[in-house]
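This is what each chain is made of:
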Amino acid sequence: MSGRAPPSTVRIPEPISGRLLSLKNTFNSKYGCKPSFYARAPGRVNLIGEHIDYCGYAVLPMAIEQDILAAVKPIDSKEVELSNTNPSYLDFSTSVTNIQIDKTKPLWHNYFLCGLKGIQDHFNLPSPTGMKCVLDGTIPPSSGLSSSSALVCCAGLVTLTANGRTLSKVELAETCARCEHYIGTEGGGMDQSISFLAEEGKAKLIEFGPLRATDVTLPAGAVFVIANSCVEMNKAATAHFNIRVVECRLATKILAKSKGLAWRELMKLGDLQINLGVSLEGILDIVEEVLHPEPYTCEEICEFLGISLEELRTTILSQNTQDVATFRLYQRSKHVYGEAARVLAFKAVCDDPPANAVQLLGDLMNQSHASCRDMYECSCPELDQLVDICLKSGAVGSRLTGAGWGGCSVSMVPAEKLNHFLSSVQEGFYKTDSKKLALMEKSLFATKPGSGAMILMEEENL
Ligand code: GLA
């Protein structure tokens, strides 16, 4: 799957070879035939740069080993038949010529349908192929490790391959980022980009407009550890995520109008900075000068922009934010511009590491968490407690990762302290509660940058 070439056969990564065989058997007993190919798309952990991709700013994630794996057989009929190895995800089938995505119910198959429809729409496929498909996922759901986007990406790759089409990794990432919006959440492109553009051993700086991934070498001597707070947060099921997207959009418009710019065309805080031609420090001064810390009401926003409530609702708010009464524009903009600067500082330390690189990166991660907690208000008490325990257990930096409001933290731990760190977090967080204890094994683990999405062809590999 390099460049525009058709998806290539690749060496099967060790950790998934056993799963592939068992998936093949499941497929066979379910459908009475062999799959013709497999697709895999990984989840990710974001090291720094939270809630800024949809504002146009660069982020710094890496792919993780946990993934979504699919076994697929294209068929002559127009049915798509989906099954999941997890029995709590029920079978689903529909016609590929009439895909309906229910935004009110973020059920697992709807994410698959996003990828399916995204590729169909991209090519305007006149006669898309039907298929049988069994999926197997190892990314803990609703945990901030991008299980939903990995499913969308896997479905996009499956649909592309089943229909004999090709796209570059960048085009695939952009298509899958767009089509995830069919489920109703207005995410940026981080998750889909790293799922396709990841390479083993490398974290990536992902930049947008145009989409670009640059290698980031993480400092030797430090290990990144993921810890799940065991609080699930499904961003399609609540309005939290889209409220933040809308707050950033509103802040863009208020700041743009106050500076005499054509505010109607501007949607992102990043585009505002480009239009103003100022540095991140400069725009933080403008935020201080223009915005007030008290929440903005819809009336105040409408009056300032000179628009009706109707226009606000139809042109700026999203479907599930229509009834939100107040918006915190000062705090959200402070977070976005500050976090954008922290990503660049993190990358600069990795590129040319001074003797105290690990400490500097840890400090940036800690500042990021504080800003997510206090300015963006996307943490929760359990995550704050977990981050606190991670720091007390020897991490030099610890922060929530992904959308937040639950899910995982990522901590940077000096390699020689790893064992002590793991046992101390087990004692301090997981062993205090039977529910968390039961989840501990899959909730606390060291991780390294994993490889990106791939296609594996049946005949040659199994
Ligand atoms: C979700 C979205 C991403 C990004 C993160 C927060 O994972 O899908 O695009 O906005 O939240 O950084």
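Residues numbered from 1 in each chain as written. Predicted model: local features only at pLDDT ≥ 70, side-chain atom pairs only at ≥ 80, totals over all residues. Heavy atoms only, no water.

Draft legend 1. Looking closely at the nonpolar core. Formed by 126 residues in total, the largest nonpolar core has its most connected members in Phe112 and Leu135. Not counting residues within four places of it along the chain, the set of residues in contact with Phe112 comprises Val80, Leu82, Cys133, Leu135, Leu151, Ala155 and Val158. Among the nonpolar cores identified, the runner-up in size contains 16 residues, and Val225, Cys230, Cys390 and Leu444 belong to it. (Core = buried A, V, L, I, M, F, W, Y, C linked by side-chain atoms within 4.5 Å. Buried < 20%, exposed > 50% of the residue type's maximum accessible area, 1.4 Å probe, protein only. Contact = heavy atoms within 4.5 Å.)

Draft legend 2. View of the UniProt feature "domain: GHMP kinase C-terminal" (unreviewed entry) in the chain. Summarizing the sequence annotation, UniProt attributes the feature "domain: GHMP kinase C-terminal" (unreviewed entry) to residues 356-430 in the numbering used throughout. Annotated as 57% helix and 15% strand, the span residues 356-430 places its first and last C-alpha atoms 31 Å apart. (UniProt positions renumbered as here; feature names shortened; annotations may be inferred. Helix = DSSP H or I, 4+ residues; strand = E, 2+ residues; numbered from the N terminus.)

Draft legend 3. Region of interest: helix α15 (residues 434-443). Considered for burial, the residues of α15 that qualify are Lys436, Met440 and Ser443. An end-on view of α15 places all buried positions within 95° of arc, on one side of the element. In α15, the exposed residues that point more than 90 degrees away from the buried face are Ser434, Ala438, Glu441 and Lys442. Close packing links the buried residues of α15 with β8 (222-228), α13 (381-392), α14 (418-430) and β13 (444-447). (Arc of directions from axis to C-beta.)

Draft legend 4. Region of the structure containing the confidence of the model for the chain. When pLDDT is averaged along the chain, the result is 95, and 96% of the positions lie at 70 or above. Across residues 1-8, where pLDDT falls below 50, the model places 20 contacts with residues more than four positions away in sequence or in other chains. (pLDDT = per-residue confidence, 0-100.)

Draft legend 5. The arrangement of the sheet that holds strand β3 (residues 79-84) in detail. Pairing is mixed in the open sheet, where six strands are placed in the order β4-β3-β5-β2-β1-β14. For this open sheet the edge positions go to β4 (92-95) and β14 (454-457), each flanked by a neighbour on one side alone. Neighbour to neighbour, the strand axes of the sheet diverge by 20° on average, direction disregarded. Along the sheet, helix α2 (residues 108-123) contacts β3, β4 and β5 (130-137); its crossing angle with β3, the most-contacted strand, is approximately 135°. Across the sheet, helix α5 (residues 190-197) is in contact with β1 (37-48) and β2 (60-75); its angle to β1 comes to roughly 125°. (Pairing = 2+ DSSP bridges. Axes fitted to C-alpha atoms, helices over the stretch in contact; angles between N-to-C directions.)

Draft legend 6. The site of the ligand, seen in detail. The environment of the ligand is made up of 13 residues, and the closest members are Glu50, His51, Asp53, Gly188 and Asp191. The contact in question runs from an oxygen atom of the ligand to an N or O atom on the side chain of Arg44, over 3.0 Å. Residues belonging to the shell around the ligand are distributed by class as follows: four nonpolar, four polar and five charged. (Near = heavy atom within 4 Å. Polar contact = N/O pair within 3.5 Å; in protein donor to acceptor, adjacent residues only side chain to side chain. Nonpolar A, V, L, I, M, F, W, Y, C, P; charged D, E, K, R; others polar.)

Draft legend 7. Highlighting the UniProt feature "domain: Galactokinase N-terminal" (unreviewed entry) in the chain. In this numbering, the UniProt entry assigns the feature "domain: Galactokinase N-terminal" (unreviewed entry) to residues 26-74. In residues 26-74, the share of helix is 12% and the share of strand is 55%. The end C-alpha atoms are 17 Å apart.

Draft legend 8. Looking closely at the pattern of salt bridges. On inspection of all chains with the given rule, the structure shows 28 salt bridges. Of the charged contacts in the structure, one is a salt bridge between Glu186 and Arg249, with a shortest N-O distance of 2.9 Å. Of this pair, Glu186 sits in the loop between α4 (169-179) and α5 while Arg249 sits in helix α6 (residues 240-258), and the two are 63 residues apart along the sequence. Note on Arg249: relative accessible area 10%, which makes it buried. The shortest N-O distance in the salt bridge between Asp374 and Arg373 comes to 2.8 Å. The exposure class of Asp374 is partly exposed, given its relative accessible area of 42%. (Salt bridge = Lys/Arg side-chain N within 4 Å of Asp/Glu carboxyl O.)

Draft legend 9. Just α4, in detail. The complete set of buried residues in α4 reads Leu172, Ala173, Thr175, Cys176, Ala177 and Cys179. On its buried face, α4 is in contact with α2, α3 (147-162) and α5.

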